[in-house]
Structure formats: C-alpha cells, structure tokens
Amino acid sequence: MTNRQPGLHIDAALQASQHNTGLPLSELRILMSHVTGLNRVGLITHNTMLLSADQFSQFESLVKRRVLGEPVAYLTGVREFFSREFMVTPDVLIPRPETEELVEKALQWLEKRSRENLLTKVLDMGCGSGAIGLTLALENPILEVTLSDVSEAALQVAQANAKKLAAKNVQCVHSNLFEAFSPEGQPQQFDLIVSNPPYIASGDEHLQQGDLRFEPLSALTDHQDGLFFYRQLAQHAAQHLRPTGAVLVEHGYTQQGDVLALFRQAGFAAVGGFTDLAGQPRMVLALQ
C-alpha cells in the first residue's frame, strides 16, 4: 500500500492510493465517500480537506480489502439501483445494472395491466436484497408486492431495505419457491411473478472470478445445470397466476433458448425473449 502518514488531504490520498494499487479512481472515490460522508460533489469541493488519523486508517483498510478482491458494495454496505441506495451484505447478491432492464420491462407490462385493475399483485421470487420488488413497489405504489426468499438472512436485508425506502405496499415471506404460497392446498395467485434466480451452472469458471468469489453461492448457482429454477417456475407458476398473468425472468446470456423452450413446453400461451441494451438475450416473458 503506502507508507504515507495521516495528514494527507483527500485528493492526495486518492492519487497516492491509485498510484500504489492501480485501482480505478472511481472505486477509490466511493470508498473515500464512505469514510468521509461526503458525496461525489463534496469530494471535489472539499478535495483539500485533511483526513483524520481514523479516516485515513479506515480508507487504507478498505483499499487493502478491495485489492484482495472484496466487492466495493460489500465494503460500503450499499449499492445504487434504479437511482436508489440499497443496503447489501454478503448474504445477498449485489444488484447489477442490467437487472434494471428487467425492472423496466416489468413496469411496462404492469402499466398496461394496472389500467384494467385497481390493484395488481406481484411476487418477487428469490428477492435477495429486494432490489427488483421494492423498485416495482416504489415506482408504482398501487401494486401489492410480495418479496420471497429461501434465505432468512437475505429476507432480513430485504425487510431492512423496505423500511429504509419507506415501501408501504410490500410484504416479505420466507419460502422455498412456492411452498409458502399454497396454504391448505389453495394456491395464492399473482398478476406477475418476477425473478432473477441462480442461473450459473455448477463448476462454471466464472464462480471463481471477480466479485462472484465473495457473493453467496446459493444466489449464483443452482448447483446443477443452471436451469433448475426455470424448470420449477415453468412447471408450477401457472397455478399461482391470475388469468392472463405472466412470469418475467432474467437469465444468463446463453440460456434464452432453453428457458423459452421450458415455458412453451409448460403450456404458456405466449412466450417471448428480450435482449438487454448491449444486445444480449437476457430476459423471457411468459404469458398465462
């Protein structure tokens, strides 16, 4: 790292750390913001502010951990998604920018649906931090959104985010897939089931690369061929959908053909695939 002593001002500390570590200045600024409490603009307007010994020590510690590969989001405990700040911990997957496109697609479909119904029910299955479901709830307050996850630790993070973001139209349910949604054999039904399930196949080399090394394995892989959760959704979602309801899923960029086939074989009336902004096939919408 660096042998410099506390007393550096913000800009000098950033420049020294970038020189010594090669980390992107953008990442170093995020860590500095976390330590000082200054936003991006504040780091510029107060760039000559001297760091206290404690601030300098915290910054150096975070930089060392980042050099070892820990994700910035876990170091700061937050990640921006859809222009909102979500709490994240190592118990949940870090929200990705491409998943914002899944939210956009869901909002478009729900807008049409809400013209016909006063209340629209949505299930975010495998919610993790709650980024998808909470964003839908906050963007369209007439929705009734249920967040579910098999991980109690993840569900606690989602509940904390719901409270932090003041999402009133949300409930959290601990469930392994649809288990909690068939009380006494009566399936609970929704207008839209949305999910970004674990889709990396067991043994995939990407699991040992980058940020993925630090994220919860159960949120990344199904420990099989990457299609287990899509099979479950295709087979069981229909009984949990209202008439003309839909399932919207994110998937890996090589999986669209397989996911389309699973929903078509399950008898959904209309099944279509969509690309992300980079042109990669990443989403499937299946209509009841």
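Note: the structure precedes this text.
A few points on the structure. The numbers attached to residues start from 1 for each chain and follow its sequence in the written order. For this predicted model, a pLDDT threshold of at least 70 governs which residues receive local features, and a threshold of 80 or more governs which side-chain atom pairs are given and counted, while totals over whole chains, interfaces and linings are taken from all residues. Think of the side-chain values as coming from all heavy atoms in the structure, minus any hydrogens and water.

## Regarding the pairing of strand E6 (residues 190-195)
Now for step 1: The element E6 is largely enclosed, with a buried count of six among its six residues.
Now for step 2: In the sheet, strand E3 (residues 120-125) pairs with E6 via four bridges, with the strands oriented parallel. Note on E6: the bridge partner recorded for Asp124 is Val194.
Now for step 3: Bridging between E6 and strand E7 (residues 241-250) involves five bridges; their strand directions are parallel. For Phe190, the partnering residue across the bridge sits in E7 and is Leu241.
Now for step 4: Between E6 and its parallel partner E7, the chain crosses via helix H9 (residues 228-236), and the hand of that crossover is right-handed. Each residue gets one of three labels from its accessible area relative to the maximum for its type: buried under 20%, exposed over 50%, partly exposed in between, using a 1.4 Å probe on protein chains only. Strands here mean DSSP runs of E at least two residues long; helices mean DSSP runs of H or I at least four residues long; both are numbered from the N terminus. Between any two strands, pairing holds if DSSP finds at least two bridges. Note on handedness: a clockwise path from strand one over the helix to strand two, with the strands aimed away from the viewer, defines a right-handed crossover.

## Thoughts on the environment of Ala12
Now for step 1: In this fold, Ala12 is placed in helix H1 (residues 10-21).
Now for step 2: For Ala12, a relative accessible area of 23% puts it in the partly exposed group.
Now for step 3: The spatial distance from the C-alpha of Ala12 to the C-alpha of Arg213 is 31 Å, given a sequence separation of 201 residues.

## Regarding the pairing of strand E1 (residues 78-81)
Now for step 1: In the sheet, E1 pairs with strand E2 (residues 84-87) via four bridges, with the strands oriented antiparallel. Looking across to E2, one finds that Val78 is bridged to Met87.
Now for step 2: Between the end of E1 and the start of E2, which pair antiparallel, lie two residues, with Phe82 showing a positive phi angle near 55°.

## Thoughts on the sheet that holds E7
Now for step 1: Strand order in the open sheet formed by seven strands is E5-E4-E3-E6-E7-E9-E8, with mixed pairing between adjacent strands. Strand pairing shows two members of the sheet lacking a second neighbour, strand E5 (170-174) and strand E8 (270-275), which therefore form its edges. With direction set aside, neighbouring strand axes in the sheet form an average angle of 20°.
Now for step 2: Along the sheet face, H9 touches E3, E6 and E7 and points at about 170° away from the line of E7.
Now for step 3: In the packing of helix H10 (residues 256-265) onto the sheet, contacts are made with E7, E8 and strand E9 (281-287), and the angle to E9 comes to roughly 5°. Helix axes are fitted to C-alpha atoms over the stretch in contact, other axes to C-alpha atoms as well, and angles between N-to-C directions run from 0 to 180 degrees. We call two residues in contact when some of their heavy atoms are within 4.5 Å.

## Digging into helix H2 (residues 25-36)
Owing to its 3.6 residues per turn, the α-helix aligns residues three or four sequence positions apart on the same side.
Now for step 1: Every helix has an expected span of 1.5 Å times one less than the residues it contains. Taking 1.5 Å per residue as the helical rise, H2 with its twelve residues ought to reach 16 Å, and the 16 Å between its terminal C-alpha atoms agrees with that figure.
Now for step 2: Contacts from the buried residues of H2 go to H1, helix H3 (40-45), helix H4 (53-67) and helix H5 (72-76).
Now for step 3: A positive backbone phi angle near 80° is found at Gly37, which sits one or two residues after H2.

## Some remarks on the nonpolar core
Now for step 1: To form a nonpolar core, buried Ala, Val, Leu, Ile, Met, Phe, Trp, Tyr and Cys residues must be joined to one another through side-chain atoms within 4.5 Å. By size, the foremost hydrophobic cluster in this structure holds 31 residues, and its most contacted members are Val122, Leu136 and Leu192.
Now for step 2: Of all the secondary-structure elements, those providing two or more residues to this core are helix H6 (99-114), helix H7 (131-139), strand E4 (143-149), helix H8 (152-164), E6, E7 and E9.
Now for step 3: The element best represented in this core is H6, accounting for six residues.
Now for step 4: Contacts of Val122, omitting those with residues within four sequence positions, involve Leu110, Leu136, Leu143, Glu144, Val145, Thr146, Phe190, Leu192 and Val194.
Now for step 5: Core analysis: the second largest hydrophobic core is formed by 25 residues, Ile193, Val249, Leu260 and Ala286 among them.

## Quick notes on the pattern of salt bridges
Pairing is possible between side chains of opposite charge, provided their charged atoms come close.
Now for step 1: Salt bridges, as used here, are contacts in which a Lys or Arg side-chain nitrogen is within 4 Å of a carboxyl oxygen on Asp or Glu. Summed over the entire model, instances satisfying the criterion amount to ten salt bridges.
Now for step 2: Of the charged contacts, one joins Glu70 and Arg65 as a salt bridge, the two residues approaching to 3.0 Å between their closest N and O atoms.
Now for step 3: Its relative accessible area of 33% is what places Arg65 among the partly exposed residues.
Now for step 4: The salt bridge involving Glu250 is made with Arg282; its shortest N-O contact spans 3.0 Å. Here Glu250, found in strand E7, pairs with Arg282, found in strand E9; they are 32 residues apart in sequence, far enough to count as distant.
Now for step 5: Here Glu250 falls in the buried class, since its relative accessible area comes to 3%.
Now for step 6: The exposure class assigned to Arg282 is buried, which follows from its relative accessible area of 12%.

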